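# Geometric and topological summary
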Amino acid sequence: MPIATPEVYNEMLDRAKTGGFAYPAINVTSSQTLHAALRGFAEAESDGIVQISTGGAEFLGGQYKKDMVTGAVALAEFAHVVAEKYPVNIALHTDHCPKDKLDGYVRPLIAISQERVAKGRNPLFQSHMWDGSAENLADNLAIAQELLAEAAKAKIVLEMEITPTGGEEDGVSHEINDKLYTSVDDAFRTAEAVGLGEKGRYLLAASFGNVHGVYKPGNVVLRPSILKELQEAVGEKYGKQRPFDFVFHGGSGSTIEEINEALENGVVKMNLDTDTQYAFTRPVAAHMFTHYDGVLKVDGEVGDKKTYDPRTWGKAAEAGMAARVVTATENLRSAGKKIG
């Protein structure tokens, strides 16, 4: 199927919220990790989301120039071609973009999609993320208002993070402390600033103890019940049941119980990066250790071309990551629920 249209993406999000499941959002950094994600979704018969962070886009742009927009556009265009060979709907998304990178990443990408939509085409990406968690909430929401209006012109969904996620990703870091929990007042201020869909659709990354990366048990305390509190408080004030479409950040390493509670409270998207990075790299490490005398020209020998051919270990890497994506769809209950 082709990359999801704006209409299909909205249907995906609506089905997830109504059906009590969420889509894995898989970070990719290459055409190979893209194929791994697409393969995993196809094998699970699940629609899904593929996303590119600023660091991923810079890597994709090549180390000579390291241009984020070039990298993101190149992979998105590639995805529009190859996704047609997979029998699932895929939405393209850009991950964490802080204030100092907006002009070099999200704003130019929104402009590209606006131009496409003006010509009767679909946007290049289906959603973009504004990460204002390092700003005070007033400044965060002021920028969110501006971005939401621009995104709506391009038929794009905006994701916004209103309070910090712990840990570090692409240079944006926050301490693991009590600030990692969104308050009801934060949610009220968000609804007042950007509305509840009438000004444009958005996904909300609220904090309930989320942390990027994987930490040993006890280091991170997730409280998915906070999401229920936010839904009920804002829903009662505005007369709208479960008004927010929530995003679960820092999803790698979470327990099934934590995931299930988050799904019940309106999570429709969960980000996965650390776990899929490891799933991609682990088979490569096994190949290199097992066939060290083939991938290296040890003691003046010639090595074994079949073992150091990138296609050999690359296929194992793709299979490993695809399997982890399948597991994610099962954990998030999206497996077997593709549209069509």
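Structure: see above.
About the thresholds
- As a convention, each chain's residues are numbered from 1 in the sequence order in which they are written.
- Owing to the predicted nature of the model, reporting of local features is limited to residues with pLDDT of at least 70; listing and counting of side-chain atom pairs is limited to 80 or more, with chain, interface and lining totals taken over all residues.
- Processing note: side-chain calculations cover all non-hydrogen atoms of the structure and skip hydrogens and water entirely.
- Buried Ala, Val, Leu, Ile, Met, Phe, Trp, Tyr and Cys residues form a nonpolar core when they are joined through side-chain atoms within 4.5 Å.
- Accessible area is worked out with a 1.4 Å probe on protein chains only. A residue is then buried under 20% of its type maximum, exposed over 50%, and partly exposed in between.
- A run of H or I in DSSP becomes a helix once it reaches four residues, and a run of E becomes a strand once it reaches two; helices and strands are each numbered from the N terminus.
- We call two residues in contact whenever any of their non-hydrogen atoms come within 4.5 Å of each other.
- A helix is expected to reach a length of 1.5 Å times the quantity of its residues less one.
- Arc, as used here, means the arc of the directions from the helix axis to the C-beta atoms.
- Between the N-to-C directions of two axes lies an angle of 0 to 180 degrees, each axis being a line fitted to C-alpha atoms and, for a helix, fitted only over the stretch in contact.
- Any angle between 65 and 115 degrees counts as roughly perpendicular, while under 35 counts as roughly parallel, over 145 as roughly antiparallel, and the rest as oblique.
- For any helix crossing, the convention is left-handed if the near helix is rotated counterclockwise from the far helix by under a right angle, and right-handed if that rotation is clockwise.
- Note on residue classes: Ala, Val, Leu, Ile, Met, Phe, Trp, Tyr, Cys and Pro are nonpolar, Asp, Glu, Lys and Arg are charged, and everything else, Gly too, is polar.
- Each pair of aromatic rings taken from Phe, Tyr and Trp, with Trp reduced to its six-membered ring, is defined by centres within 6.5 Å and is described as stacked if the planes are under 30 degrees apart, edge-to-face if over 60, and tilted in the remaining cases.
- Whenever a carboxyl oxygen of Asp or Glu lies within 4 Å of a side-chain nitrogen of Lys or Arg, that contact is scored as a salt bridge.

### Some points on the nonpolar core
Counting residues in each nonpolar core, the largest one holds 74 residues, and the members touching the most others are Tyr 105, Met 160 and Tyr 202. Per-element tally for this core: the top contributor is helix α4 (residues 68-82), with 8 residues. Not counting residues within four places of it along the chain, the set of residues in contact with Tyr 105 comprises Ile 52, Ser 53, Thr 54, Ala 57, Met 68, Val 69, Ala 72, Thr 94, Asp 95 and Cys 97. Core analysis: the next-biggest nonpolar cluster, separate from the first, contains 16 residues, Ala 16, Phe 21, Leu 203 and Val 247 among them.

### Digging into the environment of Arg 324
With respect to the secondary-structure elements, Arg 324 resides in helix α13 (residues 310-331). Residues Arg 324 and Thr 5, 319 residues apart in the sequence, show an inter-C-alpha distance of 26 Å. Setting aside chain neighbours within four positions, we find Arg 324 in contact with Leu 272, Asp 275, Thr 276 and Ala 279.

### Some thoughts on helix α1 (residues 6-19)
An ideal rise of 1.5 Å per residue puts 20 Å on 14 residues; α1 measures up with 20 Å between its terminal C-alpha atoms. Of the positions making up α1, those classed as buried are Pro 6, Tyr 9, Met 12, Leu 13, Ala 16 and Lys 17. Looking straight down α1, one finds its buried side chains confined to an arc of 125 degrees; they lie on one side. Every exposed residue of α1 that faces more than 90 degrees away from the buried side is listed here: Glu 7 and Thr 18. Gly 20, located one to two residues past α1, shows a positive phi value of around 70 degrees.

### Comments concerning the packing of helix α7 (residues 184-194) against helix α8 (residues 225-238)
Contact geometry for α7 and α8: axes closest at 9 Å, N-to-C directions at 45 degrees. Comparing the axis directions of α7 and α8 gives the class oblique. Relative to α8, the crossing made by α7 is right-handed. Counting all contacts with α7, which are made through Val 184, Ala 187, Phe 188, Ala 191 and Glu 192, the residues of α8 involved are Glu 229, Leu 230, Ala 233, Val 234, Lys 237 and Tyr 238. Considered class by class, the residues forming the contact of α7 with α8 number 8 nonpolar, no polar and 3 charged.

### Quick word on the packing of aromatic side chains
With the rule as written, the count across this model stands at 3 aromatic pairs. Ring centres 5.0 Å apart and planes at 70 degrees place the aromatic pair Phe 208 and Phe 248 in the edge-to-face group. Taken together, the residues Phe 208 in the loop between β8 (202-205) and α8 and Phe 248 in strand β9 (residues 246-248) connect sequence positions 40 residues apart. The same class applies to Phe 208 and to Phe 248, which are both buried. Relative to Phe 246, the ring of Phe 244 has its centre 5.5 Å away and its plane inclined at 40 degrees; by these criteria the two rings are tilted.

### Concerning the pattern of salt bridges
One pass over the structure, following the stated rule, counts 12 salt bridges. Residue Arg 39 is joined to Glu 43 by a salt bridge in which the shortest nitrogen-to-oxygen separation is 3.0 Å. Linking Arg 39 with Glu 43, this pair stays in helix α2 (residues 31-44), spanning 4 residues, or about one helical turn. On the basis of relative accessibility, which here comes to 28%, the residue Arg 39 falls in the partly exposed class. Of the residues examined, Glu 43 reaches a relative accessible area of 49% and is grouped as partly exposed. The closest approach of N and O atoms between Glu 150 and Lys 153, which form a salt bridge, is 3.0 Å. Remark: Lys 153 and Glu 150 occur in helix α6 (residues 137-153); sequence separation between them is 3 residues, near one turn of the helix.

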